[in-house]
Structure formats: structure tokens, C-alpha cells
Amino acid sequence: MRRLFVAVLTVLLALPLGLATVAAQDATPIAGASPASGGPYPEVAVTITKDAIQVASDQIPSGYVRLSVTNSSDDENGIGLVAVPAGESLDTLGQATPEPNNFLPPFLYTATVAGGPTSIPTGETWTQIVHLDPGQWIIFPQNDQRPVEVTAAETADSVSAAPAADATITETDFAFAGFEQLAAGPQTVAVTNQGAQPHMLDFFQVPDGTTMDQVEAALSTPDGATPAPGGLQESDIKLVANGQVLLQSSGTTVWMDVDLQAGTYVAVCFVIDPETGQPHAMEGMVDLFQVGGAGMATPAG
């Protein structure tokens, strides 16, 4: 699990590297059907290559949009979207550096970060519905591709109605809630940040019988180190496809379509608390729970 923490550390430190411009093409956002979410939403197609983030157009609809992110790079990858704060510029954001106790540049603790799918395996396309206010947005990657800038504006394709959700997961400072709503099978899950700090969602399936002690030991194991005997192995920890949120700020909601098997799951947030210098997971933002065929989750240790 710590490998995701390292990946997020890499991406968020990559923001100061500078911004690439989007080569505008003739393509326009496509209105894609969203059966599970209850309606069509304009699609913003993003492709991540080894060297770049590619967007069909640097002009996208504001309102609710479906991000369709294809990972054509060599490693797991993903994106997030951050609004350019009022009074800031791309130049000033490019000079932002993290404080000593955390891995986020300071503006990301107060800026609007809309969400975005992350940890997408090579060759796959994952989607997520997010809300974008009109204005300038930066699409930043999980890895070291250069961020790009797009402009969101109200158009004929803009949608103002939020998607329907089968379950709602809430993030607070510092806990998750709502996993008891999850059912086995396909469903649309809303993830809402009700905390004051930004949060992320790393969502895994683990072997049945996993205990919280084993989860805490895995969180404490350095990346690449051999797990303790009887501990969780890397092969035991399976990402939930389409179920990862790179980063989202206070007051935002993202919607993701997942297909869950009955079993045991872990949810974790690795964002650093600037007050303590500790990952949110170490402050209580880790949950171990079961999803059963009847659709009710029960504690798993």
C-alpha cells in the first residue's frame, strides 16, 4: 500500500516542474452515456503517454463532466484537476514548494481539487465524474509528465444536475464513513470530502480474514521491504478498478462506477496533516470492512 503513497508524493511534487500547453485539436468533448449514473455527461478524454498528458481540447464544459482517462504510459498512472486559485498565476504556482512536514505544496491545502482517477494500470481506461467551476484548471499526473492547463466554460454541453449514486462515502478529518452502504456487484459510488483538509481514497481488496493489525503493519512497512511473517504480501492487495481518487479538496464530490466482489476491503488516505506531519491514515483514516452479497458491510476486525 505504501507504493501508492510514494506515487502520490511523486506527482504532487511534480507540480512545480512547469506546465505544458495543450495542443488544441478539432475534437470536441463527447456526450457519453452514463447508465449507472443516470444520464449523459460531457466526456473529457485524457490520454497519458510516456512523455505527456494529451487532451482533445483545451476548452472543456464546466459543470459535471465524465473524465475518461487512458493510461498509455509504461507504469500505473492517473490524473487530478486543480483550479488555479484567484490571484495566482501559472508562474507563481510553478514556484510553490512543499512545507518541511508534508508533501503537498501549500496552495493544494486550500485550492479546489476536483478529484480524478489514479493508479490506472497500463493500457486501461478508467472514468470518474467530477464537477468543474468555470475558469482555469490544471490537469496534473500521478507520475512525472508535465501538467497541462485547460479552460472550463459553460457551453451547450454543460450539465448542472449531479449524478445519482447507489452509495455515498464521506471523508472527514480524520475518518471514512458509509462503507456499510456498499453492495457486491456494479454500482455508482459518490465520495464526498466533508473535512477541512484535502483527502484521497486508496481502495483495495484484501484476503478474507485480514485483521487491522495486519493492515497497520503493511502501512508501516517501507516500500520494497519484506513483510513480516504472516503479514500482507503485495500480491494480497488488489486495487479496486476505477475506485481510486488521487486527491479532492474540502466540499467536493466525485462519482465512480465500481464492480465489487463479495469480500474484505481496505480504504486508506495518505495525505499528510500539516499540523502533525503524519499521514491521515495514522490519524484514523483507514477502514477495514466487508462487502457481502446482501449489500451490507460488517466490521472485519
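Rules used throughout
Residues numbered from 1 in each chain as written. Predicted model: local features only at pLDDT ≥ 70, side-chain atom pairs only at ≥ 80, totals over all residues. Heavy atoms only, no water. pLDDT = per-residue confidence, 0-100. Contact = heavy atoms within 4.5 Å. Phe/Tyr/Trp six-rings, centres within 6.5 Å; stacked < 30°, edge-to-face > 60°. Helix = DSSP H or I, 4+ residues; strand = E, 2+ residues; numbered from the N terminus. Buried < 20%, exposed > 50% of the residue type's maximum accessible area, 1.4 Å probe, protein only. Pairing = 2+ DSSP bridges. Axes fitted to C-alpha atoms, helices over the stretch in contact; angles between N-to-C directions. Core = buried A, V, L, I, M, F, W, Y, C linked by side-chain atoms within 4.5 Å. Patch = residues over 30% accessible without salt bridge, like charges linked within 9 Å, V, L, I, M, F, W, Y side chains within 5 Å. Areas by Shrake-Rupley, 256 points an atom, 1.4 Å probe, with all protein chains shown as cover. Salt bridge = Lys/Arg side-chain N within 4 Å of Asp/Glu carboxyl O. Lys, Arg positive; Asp, Glu negative; His and termini not counted. Charge placed at Lys NZ, Arg CZ, Asp CG, Glu CD.

**Comments concerning the confidence of the model for the chain**
- Averaged over all residues, the pLDDT of the chain equals 82, while 76% of them reach at least 70.
- This model gives residues 1-38 a pLDDT under 50, and the stretch forms 111 contacts once residues within four places in sequence are excluded.
- Within the model, the stretch residues 294-301 combines pLDDT values under 50 with 21 contacts to residues more than four positions away or in other chains.

**A short note on the packing of aromatic side chains**
- For the structure shown, the criterion picks out 7 aromatic pairs.
- On the basis of an interplanar angle of 50 degrees and a centroid distance of 5.6 Å, the ring pair of Phe-203 and Tyr-265 is categorised as tilted. Here Tyr-265 lies in strand 18 (residues 263-268) and Phe-203 lies in strand 14 (residues 199-206), a separation of 62 residues in the sequence. For the residue pair Phe-203 and Tyr-265, the accessibility class agrees, reading buried in each case.
- Through a chain of ring-to-ring contacts, three or more aromatic side chains come together here, namely Phe-176, Phe-179, Phe-203, Tyr-265 and Phe-289.

**With respect to the pairing of strand 5 (residues 63-71)**
- Strand 5 sits mainly inside the fold: 8 of its 9 residues count as buried.
- Pairing analysis gives 8 bridges linking strand 5 to strand 8 (residues 125-132), with the strands arranged antiparallel. Bridge pairing in strand 8 links Val-65 to Val-130.

**Describing the side chain of Thr-151**
- Counting through the fold element by element, Thr-151 comes out in strand 10 (residues 148-153).
- Apart from the residues within four sequence positions on either side, Thr-151 is in contact with Asp-58, Gln-59, Ile-60, Gly-135 and Gln-136.

**Points about the pairing of strand 10**
- The pairing of strand 4 (residues 59-61) with strand 10 spans 3 bridges and is parallel. What sits directly across from Pro-61, in strand 10, is Ala-153.

**With respect to the sheet that holds strand 7 (residues 113-115)**
- Spatially, the 5 strands line up as an open sheet ordered 4-10-9-6-7, and their pairing is mixed. Strands at the two margins of the open sheet, each flanked by one partner only, are strand 4 and strand 7. Strand-to-strand twist of the sheet, defined as the mean angle between neighbouring strand axes without regard to direction, takes the value 35 degrees.

**Some details on the nonpolar core**
- Grouped together as the largest cluster of nonpolar side chains are 69 residues, with contacts concentrated most on Leu-132, Ile-139 and Leu-182.
- Top contributing element to this core by residue count: strand 14, with 5 residues.
- Listed in part, the 5 residues of the second largest apolar core include Tyr-41, Tyr-64, Ile-129 and Trp-255.

**Examining unusual backbone geometry**
- For the peptide bond that leads from Asp-173 to Phe-174, omega is 10 degrees, which places it in the cis range.
- We note that Ser-119 has phi near 60 degrees; this positive angle belongs to a residue other than glycine.
- With respect to the element layout, Ser-119 can be found in the loop between strand 7 and strand 8.
- On the basis of relative accessible area, Ser-119 is assigned to the buried category, the value being 2%.
- Non-glycine residue Asn-242 carries a positive phi angle of around 70 degrees.
- Inspection of the secondary structure puts Asn-242 in the loop between strand 15 (238-239) and strand 16 (245-248).
- Overall, Asn-242 belongs to the buried group, its relative accessible area being 10%.

**Some remarks on the environment of Val-130**
- As for its placement among the helices and strands, Val-130 is situated in strand 8.
- Remark: the alpha-carbon pair of Val-130 and Thr-253, spanning 123 residues in sequence, is separated by 6.9 Å.

**Examining a negative patch on the surface**
- A grouping of Asp-51, Asp-74, Asp-75 and Asp-144 is seen on the molecular surface, where their side chains present a negatively charged patch.
- Considering the arrangement of structural elements, one finds Asp-51 in the loop between strand 2 (41-48) and strand 3 (53-55).
- Its relative accessible area of 64% is what places Asp-51 among the exposed residues.

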